[in-house]
Structures are given as structure tokens and as C-alpha cells.
Amino acid sequence: MKIAVTYENGQIFQHFGHTEQFKIYTVENGKIVSSEVVDTNGSGHGALAGFLSEQSVAVLICGGIGGGAQMALADAGIKLYGGVSGSCDAAVEAYLANNLGYNPNVKCDHHDHEHNDGTHSCGNHGCGTHNCGGHSGH
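None of these values were measured; they are calculated from a predicted model. (Residues numbered from 1 in each chain as written. Predicted model: local features only at pLDDT ≥ 70, side-chain atom pairs only at ≥ 80, totals over all residues. Heavy atoms only, no water.)

This part covers the side chain of Thr6. Considering the arrangement of structural elements, one finds Thr6 in strand E1 (residues 2–8). Exposure remark for Thr6: the relative accessible area of 0% places this residue in the buried category. (Helix = DSSP H or I, 4+ residues; strand = E, 2+ residues; numbered from the N terminus. Buried < 20%, exposed > 50% of the residue type's maximum accessible area, 1.4 Å probe, protein only.)

This is how it looks when you write it as C-alpha cells:
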């Protein structure tokens, strides 16, 4: 199994759509057997899900992430653990120990201007026609 973490200087990068690197861990029998830092080569929001899928990633640990990216990850079959901060290595170890603290309702803070009346219009960031709030637990 492969686990990807948004990466910047050993820490979890806090904006999925702007991440320039992932640290990808290969896990066998519940233990990390290898890891590498890979460049995204400038891929943005939607393309990052495809990038992770091409790397055979099964799990993503990240900070903030918008609804469109969450749907792209769900469509790619990648399990999302968002709202995480701190050391990449420590987060993966916590995940493997079934002890990772994450936020199942995570969103990107820069989208707040679209939520000021308590409703959500997905039109500005390509989510389609669904309610973005109901899919983060996939």
C-alpha cells in the first residue's frame, strides 16, 4: 500500500491544491519499507488526484483541501485524511497505529468567501451539482 502526504520541509503542507511535493510511503505488513519525496511538476487541484492515482496511492494525508479536490480523490478511490498538521513521518506512523487525528469535515479556508450565508454553491470551483459537505467521509 502507498500513503502520500502533502510535503514541505518535513511538515504536512496545508493547502493540497498548491502542494509542490508529496512524500510517498510504501507500507507492507503495517510497516514503512520505503519513502520518497516526489515533485508534482506544477499539477493543480484536479490534476493532483490523477497524479496520486498514477503513483498507486491508496491514502492521502493532508492539511486543507477543497471540495472539488475531495471529489476527485474519492472518484480515484483514494482515502482522504485531511486537517492534519505537523511532521509527515509522525502522521504516517500515527495512521499505521490507527491513532491519526484528522478532521473528516476539512475544507480549504480560502473557500470561506463562498460559504458566508451558510449554504454552499459549488459553481466556483468545479464540484458539479452535489452538496460538497456530505462526501468527505469516503
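After that view of the structure, there is still more to cover.
As a further point, take the environment of Gly50. Note on placement: Gly50 falls in helix H1 (residues 45–54). Linking Gly50 and Leu73, residues 23 residues apart in sequence, is a C-alpha distance of 8.2 Å.

Among the residues of helix H3 (residues 88–96), those classed as buried are Cys88, Ala91, Val92, Ala94 and Tyr95. Axial view of H3: buried residues confined to an arc of 160°, hence all on one face. Next to the buried residues of H3 lie E1, strand E2 (11–12), strand E3 (21–28), strand E4 (31–39), strand E5 (59–61) and strand E6 (79–81). Capping the start of H3, Ser87 holds a side-chain oxygen 3.3 Å from the backbone nitrogen of Asp89, two or three residues further along. After H3 finishes, the residue Asn98 shows a positive phi value of roughly 55°. (Arc of directions from axis to C-beta. Contact = heavy atoms within 4.5 Å. Polar contact = N/O pair within 3.5 Å; in protein donor to acceptor, adjacent residues only side chain to side chain.)

That is the geometry; function is a separate question.
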